[in-house]
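Here are the chains, one letter per residue:
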Amino acid sequence: MKKPYLVLDFLYRFGGVEQHLFPVVLFGKNDVVLVDCGYPGSLGILDAEMRRFGLKPESITKLLLTHQDDDHVGAAAELKETYPNIQIIASEGETPFISGERKNLRLQQAEEIQASLPENQKEFGLQFCERLKKVRPVWVDDVISHGDVFDWGGGCEIVETPGHTPGHISIRASNNDFLITGDAAVIENHALAVANPEFCLDLITAQTSLDKLLAFHCPCYVCYHGGVWRE
């Protein structure tokens, strides 16, 4: 029997630094769903990773975006242009920022803290702002909500996990076999933790969301940063 999901490994090199991101592919009766899609310019990485598992990127029917950060939605516009039949899916809270109807919250945050950065960090701050400005918006075809159930991944439900961003969502297998955390959790020191707490738009809510995910006691948590964590 074919595994109901795959964890991809997107490797990026920025200067001498390597970064791994872990999108997930969920298989449904009539769908192949990609959860998050990496930075702008990631189509080549996606193609190579899909083909590593004997799949083609044109088989993707839906792109589910956990939230608006550029490492999660950056390649969405180019993916939609290349494969126009793909449906873009996001939560109601994230949709206006992904579609460009409202200004990206991470960009707003970066601009607000720019003046308070130490001099030796100001150039990096400016570069980060410019990077966020270059993310192209993409129209969201379908809005999902907490508790929505799908046959993807052998059956799954949407779990609202706000805090990192207001409309952040995660995806839990209906049989509790796995949970895709997005940025609601990361792996640090062999444990699950709040992702980048200093940049959470609501840290208290982010901790509550992490506690909610931990309470499921899933045997497998797939974190966008860190990969697979097992209890």
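Residues numbered from 1 in each chain as written. Predicted model: local features only at pLDDT ≥ 70, side-chain atom pairs only at ≥ 80, totals over all residues. Heavy atoms only, no water.

If you tally the helices and strands in the protein chain, you get seven helices and 16 strands. In terms of overall size, the protein chain behaves like a compact globule, its C-alpha atoms giving a radius of gyration of 17 Å where 231 residues would be expected to give roughly 17 Å. Judged by the C-alpha coordinates and their principal axes, the protein chain covers about 55 × 40 × 35 Å. Per-residue burial for the protein chain yields a buried fraction of 52% across its 231 residues. (Helix = DSSP H or I, 4+ residues; strand = E, 2+ residues; numbered from the N terminus. Rg over C-alpha atoms; globule rule 2.2 N^0.38 Å. Buried < 20%, exposed > 50% of the residue type's maximum accessible area, 1.4 Å probe, protein only.)

As a further point, take the side chain of Asp183. Summarising the element assignment, Asp183 is placed in the loop between strand 12 (179–182) and strand 13 (186–188). The charged side chain of Asp183 is buried without a salt bridge, its nearest counter-charge being Arg106 at 6.2 Å. There is a polar contact of 3.3 Å between the side chain of Asp183 and the side chain of His67. Within polar-contact distance, the side chain of Asp183 engages the side chain of His72 at 3.0 Å. (Lys, Arg positive; Asp, Glu negative; His and termini not counted. Salt bridge = Lys/Arg side-chain N within 4 Å of Asp/Glu carboxyl O. Polar contact = N/O pair within 3.5 Å; in protein donor to acceptor, adjacent residues only side chain to side chain.)

This brings us to the sheet that holds strand 10 (residues 156–160). Strand order in this open sheet of six strands is 9-10-11-12-15-16, and the pairing throughout is mixed. With partners counted over all chains shown, the strands left at the sheet margins are strand 9 (149–150) and strand 16 (227–230), one partner each. Across four bridges, the pairing between strand 15 (residues 220–223) and strand 16 is antiparallel. The residue of strand 16 that forms the bridge with Tyr221 is Trp229. On top of the sheet, helix 7 (residues 203–215) reaches strand 10, strand 11 (169–173), strand 12 and strand 15; it is set at about 150° to strand 10, its chief contact. (Pairing = 2+ DSSP bridges. Contact = heavy atoms within 4.5 Å. Axes fitted to C-alpha atoms, helices over the stretch in contact; angles between N-to-C directions.)

Sheet strands associate in pairs through backbone hydrogen bonding, adopting either a parallel or an antiparallel arrangement. Read from one edge to the other, the open sheet built from six strands follows the order 1-4-5-6-7-8, with strand pairing classed as mixed. Either end of the sheet is taken by a strand with one partner, and the two such strands are strand 1 (5–7) and strand 8 (142–144). Averaged over all pairs of adjacent strands, the angle between strand axes in this sheet comes to 25°, irrespective of strand direction. Relative to strand 8, strand 7 (residues 87–91) is paired through three bridges, and the arrangement is parallel. Counterpart to Ile89 in the pairing with strand 8 is Asp142.

This next bit is on the packing of aromatic side chains. Counted under the stated rule, the structure contains eight aromatic pairs. Seen in terms of ring centroids, Tyr5 and Phe178 are 4.3 Å apart; in terms of plane orientation they differ by 35°. Their pairing is tilted. Here the residue Tyr5 occupies a position in strand 1, and Phe178 occupies one in the loop between strand 11 and strand 12, the gap between them amounting to 173 residues. Take Tyr5: its relative accessible area is 9%, and that puts it in the buried class. Here a set of aromatic residues connected by ring pairs shows up, and it is made of Phe10, Tyr12, Phe14 and Tyr39. (Phe/Tyr/Trp six-rings, centres within 6.5 Å; stacked < 30°, edge-to-face > 60°.)

Purely spatial values, then, with no claim about function.
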